[in-house]
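Architecture and fold: a report
Listed here are the chains, written in short residue letters.
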Amino acid sequence: MEKSGKPTARPQKKARTKTREPRFRRETDTARLYTGANGGLVALSAGGWWASSSLQAYAREQDLTRVGRGVPSIVQIYHPQ
């Protein structure tokens, strides 16, 4: 308020001149979205393949039935250093 006791007028907001454009306004934007999604799918598939193959290799390495002709056996490895 001013000293005279009258309330001051607030400055008025300017009207917006620009309108918001839609997020995907062209076919190229949609094509970019699909390209990115396909790239992510390829990366996810490659990661799944790598994880699956490494898990199978680990399981093959830990399988001790190969040593005892199909019977589970205990193997002791002596490694002097």
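Before any of the text, the structure's been laid out above.
Residues numbered from 1 in each chain as written. Predicted model: local features only at pLDDT ≥ 70, side-chain atom pairs only at ≥ 80, totals over all residues. Heavy atoms only, no water.

Secondary structure assignment for the chain yields 1 helix and 0 strands. Split into buried and exposed, the 81 residues of the chain put 1% on the buried side. For the chain, the computed accessible surface area is about 8,900 Å², with 57% contributed by carbon and sulfur atoms. (Helix = DSSP H or I, 4+ residues; strand = E, 2+ residues; numbered from the N terminus. Buried < 20%, exposed > 50% of the residue type's maximum accessible area, 1.4 Å probe, protein only. Areas by Shrake-Rupley, 256 points an atom, 1.4 Å probe, with all protein chains shown as cover.)

Note that threonine 65 resides in the segment after α1 (27-62). On the basis of relative accessibility, which here comes to 30%, the residue threonine 65 falls in the partly exposed class. Those residues in contact with threonine 65, other than ones at most four positions away along the chain, are Gly70, Val71 and Pro72. (Contact = heavy atoms within 4.5 Å.)

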